[in-house]
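Chain and residue survey
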2 protein chains.
Amino acid sequence: MRRALALAAQGPAYGPNPRVGCVLLDPAGQPVAEGFHRGAGTPHAEAAALAAARSRGVDPRGTTAVVTLEPCAHHGRTGPCADALIDAGVAAVHVAVADPNPVATGGAAKLRAAGIEVTTGLLADEGEELLRQWLHAVRTGRPYVTLKLATSLDGRVAATDGTSRWITGPQARAHAHTIRAQVDAIGVGTGTALTDDPSLTARTIDGGLFEHQPLRVVVGRRAVPDGARLRGPGGALLHLPEHDLGAVLSQLAEREVRHLLVEGGPTLATALLAADAVDELHAYVAPVLLGAGATAVGDLGVTTIGDAARFTTHDVTRLGDDVLLVARRAQHARPTEATESVQPVQPGRPSRHPKEEI
Amino acid sequence: MRRALALAAQGPAYGPNPRVGCVLLDPAGQPVAEGFHRGAGTPHAEAAALAAARSRGVDPRGTTAVVTLEPCAHHGRTGPCADALIDAGVAAVHVAVADPNPVATGGAAKLRAAGIEVTTGLLADEGEELLRQWLHAVRTGRPYVTLKLATSLDGRVAATDGTSRWITGPQARAHAHTIRAQVDAIGVGTGTALTDDPSLTARTIDGGLFEHQPLRVVVGRRAVPDGARLRGPGGALLHLPEHDLGAVLSQLAEREVRHLLVEGGPTLATALLAADAVDELHAYVAPVLLGAGATAVGDLGVTTIGDAARFTTHDVTRLGDDVLLVARRAQHARPTEATESVQPVQPGRPSRHPKEEI
């Protein structure tokens, strides 16, 4: 399964389809063929592995298929993988993650009905991690939202005169471009679109464009000018003249956007955070203090520390002088309305003699 | 020398004297004795190593002394180490860092005059790093100033109701206490002293006091109340009713404070930053967003990004969900008055079409 996960990771992180890897083992447990999904319109991992076996003259009959995601049971652009495995005569299928996709699920049941031994949950955590954004999108019907912030240590995104290039250094910026090349869409508000005239392309260190360019999404009612860089080379431009975030996310889900990267500005970031719609934070923090200037995030309605938007740190990476903190929505991080209503508001300043010492 | 540096690091980081280690090598290059300085009033490293040799029946005559800091040439609480090495008949002395202390320097010259071979600069960078705070204090006549910040990702130190316990988690707080146990003094402004009633003690995880307690320094004109925790168990309390930061640092230097840890609040932190008097930042950053509330740093007079107070990252450590970013004053980080005066001020907002793309 570790090999199957490594194969899966070779597929593209963007796109409507999940990344899947498949290894076929002979009855002695030796790998005889492998495959992975290279993106929508290409063979699924199981079909790729079966084809690889046949092209090497290996009969897949009696083999065990180790697959990172439950084989699909539906006819999409390709036939159902469950049928392909049954037809090929595999003896057993080991799966990491069950398929939550309502249109594709049922593969395990179909395989079992055909007399094939199926086990699920093998290295499930790693499988879930690899498919995190896709699983979220399929389970919730909304894209996985990653909010990127690039701030000074005191949380500023620009100096008082509006200058912000560059708070973070070249390694942090290059990293942010590799993330752009892995997502389906990048979103900004019209304020950022008009003020910064960003191109929102995914660029290599030498300034060239990555092969995959994410959809460029502008949220808000103001028009994107004709000469804007957003209309230049890069991904398609989608302007959503909309203030309802739920509607924005639904429209993106309908366009098969699984992973949306939001790059600002503060208005859009604040609205998403206030709506608890941010699944992951990418905070690039520079060892810089500004003391004044625009902040990354506006008023969230948080008045006391217990109500803070608290995330769980997933990873910390040093990028030159900067730090990238990747944090994810904490479970029950913010009080629900129910618990809020039973907590009395504590007015005024804190006790002069709080229980805990500083 | 690596062993000598490791020995030196066993001495206390606080206190007026530098941490020094010494290894004696026989003519074949084998270590025969070693020693390190355990703090003011105890033998210097060289004396400790010579005593260790003699206690083991080893004659130090003809040995080579490997010492992390140039042996002193002055009579302090103990006699000059240069004389002790000469009297012991050592043949050669290898030194990492030359002694910048005007009252103690001259040891190398004295040794050479006695016919002893002296080399300096061996692992000098590591030696400088180990003695960083002490060297700064001796070279500049001012304590090394470390500013501690504990903030949300958007640079807030408290929510709008003033609550701040706890933005950072238990691992970050425990780490901060180990730093307190390594410094000579902790400073806060009267605002923090009155609002938070901190104890400013160095405490272990179970709440006990570390053996070494730093001097507690309160800067500002308002009185520290009789019942304040600052007057409770812990280090001595020093109230400096003073707004002149230069005078504050001079008075601390006179009390042999080599390393001052400043823990707030924003007024004192801002004044130190604006005066470019912060040598090191310890920024504990929590994966939390508040959107409003007090910021870590007030107005620094920075209006454009090029004038930001920019530090150089020295180390990044994950502490539970939090990140500690240790950054140091960058060389020429802020424009001098001379360069400021020749740069025309760019009024208004930035160009709609800046040269570099986002």
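This text follows the structure it describes.
These numbers come from a predicted model, not from an experiment.

**Section: the relation of the copies chain A and chain B**
Mapping chain A onto chain B leaves a residual RMSD of 0.0 Å; the transformation is a rotation of 180° accompanied by 0.0 Å of translation along its axis. In the structure described here, the two chain copies are related by an operation that fits a two-fold rotation axis. When each C-alpha of chain A is compared by its distance to the rotation axis, Gly155 of chain A comes out closest, at 2.1 Å. The residues that chain A uses at the interface reappear at the interface of chain B in 99% of cases, marking a shared surface.

**Focus: the nonpolar core**
Within the largest apolar cluster, 88 residues are counted, with the highest numbers of intra-cluster contacts made by Leu252, Leu281 and Leu289 of chain A together with Leu252, Leu281 and Leu289 of chain B. Those residues within four positions of Leu252 of chain B in sequence are excluded, and the remaining contacts are Pro143, Leu215, Val217, Leu238, Leu240, Val257 and Leu260 of chain B. Among the nonpolar cores identified, the runner-up in size contains 39 residues, and Leu50, Val118, Leu131 and Val138 of chain A belong to it.

**A look at the environment of Arg216 of chain A**
Residue and element names in this part refer to chain A. Structurally, Arg216 is set in strand β8 (residues 215-219). Given the relative accessible area of 1%, Arg216 is considered buried. A distance of 2.9 Å separates the side chain of Arg216 from the backbone oxygen of Gly235, its partner in a polar contact.

**Quick look at helix α7 (residues 170-180) of chain A**
Counting along an α-helix, one turn takes 3.6 residues, and residues three or four places apart therefore face a common direction. All names here are of chain A. All of the buried residues in α7 are Ala172, Ala176, His177, Ile179 and Arg180. Seen end-on, α7 carries its buried residues on one side only, within an arc spanning 155°. Taken together, the buried residues of α7 touch β6 (144-152), β7 (185-189), β10 (259-264), β11 (280-286), β13 (309-319) and β14 (322-329).

**What to know about the packing of helix α2 (residues 45-55) of chain A against helix α3 (residues 81-88) of chain A**
Residues and elements named next belong to chain A. The interhelical angle for the contact between α2 and α3, taken along N-to-C directions, is 30°, at an axis separation of 9 Å. In terms of orientation, α2 lies roughly parallel with respect to α3. Residues Glu46, Leu50 and Arg54 of α2 form the contact with α3, whose participating residues are Cys81, Ala84, Leu85 and Ala88. Across the contact of α2 with α3, the residue classes tally to five nonpolar, no polar and two charged.

**A closer look at the sheet that holds β13 of chain A**
The pairing of strands in a sheet comes from backbone hydrogen bonds and takes either a parallel or an antiparallel form. Strand order across the open sheet formed by nine strands is β9(A)-β8(A)-β7(A)-β10(A)-β6(A)-β11(A)-β14(A)-β13(A)-β12(B), with mixed pairing between neighbours. The open sheet has two edge strands with one neighbour each: β9 (237-240) of chain A together with β12 (288-289) of chain B. Two elements, β6 of chain A and β11 of chain A, share seven bridges in a ladder whose sense is parallel. Bridged to Thr146 of chain A within β11 of chain A is Glu280 of chain A.

**Structural notes on α3 of chain A**
Residue and element names in this part refer to chain A. Within the span of α3, buried status applies to Cys81, Ala82, Leu85 and Ala88. For α3, the angular spread of the buried residues around the axis is 135°, confining them to a single face. Buried residues in α3 make contact with α2, β3 (64-69), β4 (92-97) and α4 (107-113). Phi turns positive, to about 80°, at Gly89, one or two residues after α3.

Quick notes on the rules
- Residues numbered from 1 in each chain as written.
- Chains lettered and ligands numbered in written order.
- Predicted model: local features only at pLDDT ≥ 70, side-chain atom pairs only at ≥ 80, totals over all residues.
- Heavy atoms only, no water.
- Least-squares fit on C-alpha atoms with pLDDT ≥ 70 in both.
- Contact = heavy atoms within 4.5 Å.
- Core = buried A, V, L, I, M, F, W, Y, C linked by side-chain atoms within 4.5 Å.
- Buried < 20%, exposed > 50% of the residue type's maximum accessible area, 1.4 Å probe, protein only.
- Helix = DSSP H or I, 4+ residues; strand = E, 2+ residues; numbered from the N terminus.
- Polar contact = N/O pair within 3.5 Å; in protein donor to acceptor, adjacent residues only side chain to side chain.
- Arc of directions from axis to C-beta.
- Axes fitted to C-alpha atoms, helices over the stretch in contact; angles between N-to-C directions.
- Parallel < 35°, antiparallel > 145°, perpendicular 65-115°, else oblique.
- Nonpolar A, V, L, I, M, F, W, Y, C, P; charged D, E, K, R; others polar.
- Pairing = 2+ DSSP bridges.

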